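Chain by chain, the residues run as shown.
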Amino acid sequence: MVTNFSSMSSTVALSEACKFCLTASKATPCLAKGLSFMGLGLNHAMFHLSSKKTSLRPSRRPVMWIRNFSAAVETAKEEQTETRVPIDSSVTGDAIRRRFLEFYASRAHKILPGSSLVPDDPTVLLTIAGMLQFKPIFLGQAPRQVPRATTSQKCIRTNDIENVGRTARHHTFFEMLGNFSFGDYFKKDAIKWAWELATEEFKLPIDRLWVSIFQDDDEAFTLWRDEAGVQENRILRMGEEDNFWSSGSTGPCGPCSELYYDFYPERGTENVDLGDDSRFIEFYNLVFMQYNRKEDGALEPLRNKNIDTGLGLERLAQILQKVPNNYETDLIYPIMEYAANLAGLTYRDASENSKTYLKVIGDHSRAVVYLISDGVTPSNIGRGYIVRRLIRRVVRMGRLLGIKGDGQGDIDGAFLPAIAKVVIDMSSNVDPDVQTNSSRIFTELHKEEIRFVQTLERGEKLLEQLLQDALAQAIQPNSSQAVLSGKDVFMLYDTFGFPIEITEEVAAERGVSIDRKGFEAEMEVQRQQSQAAHNTVKLYADGALGDISSKVPLTEFLGYSTLQSSSNIVALLLKGLPVTHAPEGSEVEIILDQTPFYAESGGQIGDNGILSISGTGTINITDVQKIAGGLFLHKGIVQEGTIEIGGSVDAVVNSRLRQRAQAHHTATHLLQSALKKIIGDEVSQAGSLVAFDRLRFDFNLSRPVTEDEISKIEDSINEWIGMGVSLQTRVMTLTDAKRSGAIAMFGEKYGEEVRVVEVPGISLELCGGTHVSNTSEIQGFRIISEQGIASGVRRIEAVAGPAFVEYAIARDRVVRQLSSLLKVKAEDLPARISVLLDDIRSVRGEASSLQAKVAMMKAEVLGNSPLFVGSFRLVVGVLDSAVDVDSLRTAAEHVSKMLGDMGAVVLGNSMGEGKVSIVASFGPKVVEQGLNAGKFVGMIARICGGGGGGRPNFAQAGGKMPEKLPEALQKAKDELQLTLSKKS
């Protein structure tokens, strides 16, 4: 092994290592010797002596770890000495964030709040960039609220998850600081201010800064040189792949420019490669959105040019705090330090592998805390799968570090909530809502960790089974060495959380190798799927709607005060394409200049109704969707006549259906208040549907709602309905609304001004939906179902208003029918039904007992005619489909007793289409011959497309291919004969 230092004329090899560098097992490259060759003037012995271990106790002051020499060598940086130094309060993560925002605020930028990690954008799964909330503005689909803005945006990216902890700066969770111009300032000011921020505000040394530009962007080159004063040889031109930003084949795009920090200026300015991650870190990216790429690939200048920038907070913190990687900044280090303490370690003294595990814990813990706070709960699909996968990686790393239970003595406990508390304590300047949601975060993490630990234990059993199968296969004729397939290794990794290194180590102990190439192929498939799953922002509008959105003014909504209006058709689409007219029978999409129709949003579905064209036709509207930030797309069928663009229509909403939606929407607000009143303030909305026939409300709760609680919720809501409380609506700033205590609806995006709907003394929420004017209009409320839909998420479906009346009438009919059939009064129905259920259970018990007796009789017939193999006695046979699984087990045990210690029994049956059961029972002498009922029956069941297992003397398996049962039982008979004949 040879360590290369790029600026050295010679190489430091193991044979040249000094005596300080020799360990008990082998020599390692001498870092101090290498540095002395680099001319850094370090005394060789002092370098080693200064490496003495120091204690690592938690401190109340922010601290950082700073190297004892100016430039770390990337390939050996973790071997360098560390000294504990308090962080300058001006360069803490919180201070950097505040200084960035204040810097741009002083230049007339409006400081806007960051958005949720759950974006209001179907093209991305999670918020992956600071500009995402401004996408409609960049597309021209929504008017700008301010000419320039600055934000701090929390982001999640998981396409490079395997690099987390292994490189200096890969993360799943990170903060992006940004400044944005919406048709206001452009390239000159963006470059000028970026340079001022770096060199004056944060005082980065000019001789450590480099700039990249797009190869053809002469304007940017001139501005960096003349306005910012950057030396020409520090401005590098790069190709389209690196420095031309676009998000799709069409739409807004433009050149970009990046600021890099140089950790090794002593390496000179010749043949510089900004892609060398060991020397440079890109920390600020400026996108000059100045073109629109057309379908033919041609670039046309945008009418309004925009600026979109992103500065990585963790990266700038690494630079300013003078630490070797992002993880050792005060943004992440306290989390790693706490995790290390739980494992009985110190970060400084940990091995390289342990440091990697701690880095993964530090990064992923931030991600899961903020995701759960924003309403994402662990599940097996979509965003929930991302949370579950990240949590499982943290738990796995904790176990690899040796954290047992909660790390504080409770072996059956969970350590994630304790780690999460550190993250939450650091969150106040990132997202204040995290503190509010802490109880829910702790509950979700505890539950998910305990569940995953159980999964790991199941995985260990599965690994053992797979190893046995591989060894059994290897002894078959024409078989080669025992190998675990890449698919199985990946399944253990992805489903059960087993690192490939652990699987490989355990397999090697059993003499089994693993198919690494197959594993990597499976990993590559997953990476491609992950990278394809919404990890880029598509900044273009699809098809005709994108073109229309840039030409048509936003629709004016009149539906709060009226259900009809005269409107003009400003856009008409047929099969998604713009047309000038549409004939009778056409399915059309229509945009009006103003409308009383409510467009689906906030969980409430769109209105239905009629568009009438005087003397020429009518259109039956069946749905209304809001697109492009404020265009109302009316979908319907031309019932008669012909409609034309530019024509005038009378728009009339179906008042009966609107009334039903209004009753359900206001009832949804009352339901949320009742849940908080009865269950507790920890209940938070996780989704909703306001339809004409029902309402649906999803909320975070880790347990079912009890019948008593449901009754109390219904009673509270019906009491509020009976009180006849008048609703109040008003428009105010978002800040004032939050200050007043208004609850934000899940998944909604709010502008500077918001609409607040209040049921005085009961409910106060931000809401753009339509509502009743008085709670008495709701008439009544009834919950029709309550169920879990995901881990930690419950769903209530209910009816109110006219739907409540219809539901009550329908239920009454059912009760009357049952009373008539059972010849009892309505109030006596529960008792009568209870008696009937007892009778049914009794009859079923008798039937089961009869089945068992039939099975025993048939089994005795088989047991009286065993197959003799030497002194061993075998019974392999089929019991018919009238025998259930319990009876099959009982029959096998009975025959086994008949045959004694030398008996082996395998019975099977098929209980209907697609279901097979197989049971094996081996006597003690059979087990002594090396036969294991659990492994044996599992092998046999695979022929029927199933599997199973159990004890060495008794086991059960299932399958789903009844037609293969004869083949499976013949295989069982042959294997038993073959094995036992050798022992006779």
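Residues numbered from 1 in each chain as written. Predicted model: local features only at pLDDT ≥ 70, side-chain atom pairs only at ≥ 80, totals over all residues. Heavy atoms only, no water.

### What to know about the overall build of the protein
Our working definition: In DSSP terms, a helix is any run of H or I states spanning at least four residues, a strand is any run of E spanning at least two, and both are numbered starting from the N terminus. The rule is simple: take the accessible area with a 1.4 Å probe, protein chains only, and divide by the maximum for that residue type; under 20% is buried, over 50% is exposed, in between is partly exposed. Two residues qualify as a contact provided that any one of their heavy atoms is within 4.5 Å of a heavy atom in the partner residue. Every accessible area reported is derived by Shrake-Rupley at a probe size of 1.4 Å, with residue values counting cover from the shown protein chains alone.
A tally of helices and strands in the protein yields 27 helices and 39 strands. A buried classification covers 51% of the 984 residues belonging to the protein. In the protein, the share of contacts with a sequence separation of at least 24, taken over all contacts with a separation of at least 6, comes to 67%. As displayed, the protein offers around 44200 Å² of accessible surface, 50% of which is attributable to carbon and sulfur atoms.

### Re helix H11 (residues 382-401)
Note the threshold: Multiplying one less than the number of residues by 1.5 Å gives the expected span of a helix.
Here H11 is 20 residues long and its end C-alpha atoms lie 29 Å apart, about the 28 Å a rise of 1.5 Å per residue gives. Within H11, 15 of the 20 residues are buried, leaving the element largely enclosed by the surrounding structure.

### Thoughts on a nonpolar patch on the surface
Using the following cut-off: Residues enter patches when their relative accessible area tops 30% and they take part in no salt bridge; the joining distance is 9 Å for like charges and 5 Å for the nonpolar side chains Val, Leu, Ile, Met, Phe, Trp and Tyr. Note on definitions: salt bridges are taken to be side-chain nitrogens of Lys or Arg within 4 Å of carboxyl oxygens of Asp or Glu.
A cluster of nonpolar side chains, Val814, Leu818, Leu821, Ile833, Leu837 and Ile840, forms an exposed patch at the surface whose accessible area comes to about 500 Å². Along the chain, Leu818 turns up in helix H22 (residues 802-822).

### A word on the sheet that holds strand E33 (residues 793-800)
Just so we agree on the cut-off: Criterion used throughout: strands pair if DSSP finds at least two bridges between them. Working convention: axes come from line fits to C-alpha atoms, limited for helices to the stretch in contact. Angles between N-to-C directions cover 0 to 180 degrees.
One open sheet accounts for four strands, arranged E27-E28-E33-E32; its pairing is antiparallel. The open sheet terminates on both sides in strands that have one partner only, identified here as strand E27 (685-690) and strand E32 (781-790). Pairwise comparison of adjacent strand axes, ignoring direction, gives a mean angle of 15° for this sheet. Taken together, the five bridges between E27 and strand E28 (residues 695-700) define a ladder with antiparallel strand orientation. If you follow Ser688 over to E28, its bridge partner there is Phe697. Contacting E32 and E33, H22 runs over the sheet at an angle of about 85° to E33.

### Concerning the environment of Tyr370
The residue Tyr370 is located in helix H10 (residues 352-373) in this model. C-alpha of Tyr370 to C-alpha of Ala420: the two residues are 50 residues apart in sequence and 9.9 Å apart in space. Not counting chain neighbours up to four residues away, the residues in contact with Tyr370 comprise Leu117, Lys154, Phe173, Val423, Ser427, Val430, Asp431 and Val434.

### Digging into the sheet that holds strand E30 (residues 753-759)
Strand order across the open sheet formed by three strands is E29-E30-E31, with antiparallel pairing between neighbours. Since the sheet does not close on itself, it has two edges, and those belong to strand E29 (728-733) and strand E31 (763-766), each with one partner. Looking at each pair of strands side by side, their axes are set apart by 25° on average, direction ignored. One ladder, built from four bridges, connects E30 with E31; its direction is antiparallel. In the strand pairing of E31, Glu758 is matched with Leu764. Against the sheet, helix H19 (residues 655-678) engages E30 and E31, with an angle of about 120° to E31.

### Details of the UniProt feature "binding site: Zn(2+)" (unreviewed entry) in the protein
The condition that has to hold: UniProt positions are given in the numbering used here, feature names are shortened, and annotations may be inferred rather than shown by experiment. The term polar contact refers here to a pair of N or O atoms within 3.5 Å; inside protein, the definition further demands a hydrogen-donor-capable atom paired with an acceptor-capable atom, and it admits residues adjacent in sequence only when both atoms are side-chain atoms.
UniProt feature "binding site: Zn(2+)" (unreviewed entry): in the numbering of this structure it lies at His665, His669, Cys767 and His771. Taken together, the annotated residues stretch across 107 residues yet fold into one region, lying no more than 9.9 Å apart by C-alpha. For His665, the location among the structural elements is in helix H19. Discounting residues that sit within four places of it in the chain, His665 has contacts with Gly602, Gln604, Val690, Cys767, Gly769, Thr770 and His771. By the secondary structure assignment, His771 is in the loop between E31 and E32. Exposure remark for His771: the relative accessible area of 13% places this residue in the buried category. Leave out the neighbours within four places in its chain, and His771 touches Gln662, His665, Thr666, His669, Leu727 and Val757. Separated by 2.9 Å, the side chains of His771 and Thr666 make a polar contact.

### Some thoughts on the packing of aromatic side chains
Counted only if it meets this: Centres within 6.5 Å are what make two rings of Phe, Tyr or Trp a pair, Trp counting through its six-membered ring; a difference in plane orientation under 30 degrees is then read as stacked, over 60 as edge-to-face, and the rest as tilted. Remark: a charge is flagged as sitting over a ring if the NZ atom of Lys or the CZ atom of Arg is within 6 Å of the ring centre and within 35 degrees of the ring normal.
Applying the stated criterion to the full structure yields 22 aromatic pairs. Note on Phe186 and Phe288: the rings are 6.2 Å apart at their centroids and 70° apart in plane angle, and the pair reads as edge-to-face. Of this pair, Phe186 sits in the loop between strand E7 (173-182) and helix H5 (187-201) while Phe288 sits in strand E12 (residues 280-293), and the two are 102 residues apart along the sequence. For Phe186, a relative accessible area of 17% translates into the label buried. What links up through ring pairs into an aromatic cluster is the set Phe100, Phe103, Tyr104 and Tyr284. Taking the ring centre of Phe221 as reference, the NZ or CZ of Arg237 above it sits at 4.9 Å.

### Let's talk about the packing of H10 against helix H12 (residues 416-425)
The angle between the axes and the distance between the axes are what describe a pair of packed helices. Here is the rule we go by: Throughout, the term roughly parallel applies to angles under 35 degrees, roughly antiparallel to angles over 145, roughly perpendicular to angles from 65 to 115, and oblique to all others. Ten residues, namely Ala, Val, Leu, Ile, Met, Phe, Trp, Tyr, Cys and Pro, are considered nonpolar, four, namely Asp, Glu, Lys and Arg, are considered charged, and the remaining ones, Gly among them, are considered polar.
At a minimum axis distance of 9 Å, the contact between H10 and H12 shows a crossing angle of 75°. Considered as vectors, H10 and H12 are oriented roughly perpendicular to each other. Residues Ile361, Ser365, Arg366, Val369 and Tyr370 of H10 touch H12, and the partners they reach there are Ile419, Ala420, Val423 and Ile424. Split by residue class, the contact of H10 with H12 holds seven nonpolar, one polar and one charged.

### Overview of the pattern of salt bridges
Inspection of the entire model under this criterion finds 42 salt bridges. Notably, a salt bridge pairs Asp184 with Arg148, separated by 2.5 Å at the nearest N-O pair. Here Asp184, found in the loop between E7 and H5, pairs with Arg148, found in strand E6 (residues 148-156); they are 36 residues apart in sequence, far enough to count as distant. Close ionic contact of Glu967 with Lys964 constitutes a salt bridge, the shortest N to O distance being 3.6 Å.

### Notes on unusual backbone geometry
Most peptide bonds are trans, and most residues other than glycine sit at a negative phi. The phi angle at Lys203 is positive, at roughly 55°, despite the residue not being glycine. If you trace the backbone, Lys203 turns up in the loop between H5 and strand E8 (209-214). One non-glycine residue, Asn271, lies in positive phi territory at about 50°. By the element assignment, Asn271 lies in the loop between strand E11 (251-262) and E12.

### What about helix H8 (residues 313-321)?
Counting buried residues in H8 gives eight out of nine residues, a clear majority hidden from the surface. For H8, the set of buried residues is Leu313, Glu314, Leu316, Ala317, Gln318, Ile319, Leu320 and Gln321. Note on H8: the residue one or two positions beyond its end, Lys322, has a positive phi of about 55°.

### Concerning the packing of H5 against helix H6 (residues 218-227)
Heads up, the condition is: Here is the rule for handedness: rotate from the far helix to the near one, and if that takes an anticlockwise turn smaller than a right angle the crossing is left-handed, while a clockwise turn gives right-handed.
For the pair H5 and H6, the least separation of the axes is 10 Å and the interaxial angle reads 45°. One way to sum up the angle between H5 and H6 is to call them oblique. Taken as a pair, H5 and H6 cross one another with a handedness that is right-handed. Where H5 approaches H6, its residues Lys187, Lys188, Ile191, Ala194 and Trp195 are matched on the opposing element by Glu219, Ala220, Leu223, Trp224 and Glu227. Here the residues of the contact of H5 with H6 are counted per class, giving six nonpolar, no polar and four charged.

### A few points about the pairing of E12
Counting buried positions over the 14 residues of E12 gives 12, a clear majority of the element. Pairing of E11 with E12 involves 10 bridges; the strand directions are antiparallel. Residue pairing in the sheet places Glu258 in a bridge with Asn285 of E12. Bridge count between E12 and strand E13 (residues 299-312): nine bridges; the pairing is antiparallel. Within the sheet, the bridge partner assigned to Met289 lies in E13 and is Asn306. Linking E12 to E13, which pair antiparallel, is a turn of five residues; within it Gly297 sits at a positive phi near 90°.

### A look at the nonpolar core
The test is simple: In this description, a nonpolar core means a group of buried Ala, Val, Leu, Ile, Met, Phe, Trp, Tyr and Cys residues linked to one another through side-chain atoms lying within 4.5 Å.
Leu204, Trp224, Phe283 and Tyr284 are the most contacted members of the largest nonpolar core, which has 114 residues in total. The greatest single-element share of this core, amounting to 10 residues, is contributed by H10. When sequence neighbours within four positions are dropped, the list of residues in contact with Phe283 reads Ala198, Leu204, Leu209, Leu259, Tyr260, Tyr261, Gly310, Leu311, Gly312, Arg315, Leu316 and Ile319. Counting 31 residues, the second largest nonpolar core, distinct from the first, contains Ala667, Leu701, Trp720 and Ile721.

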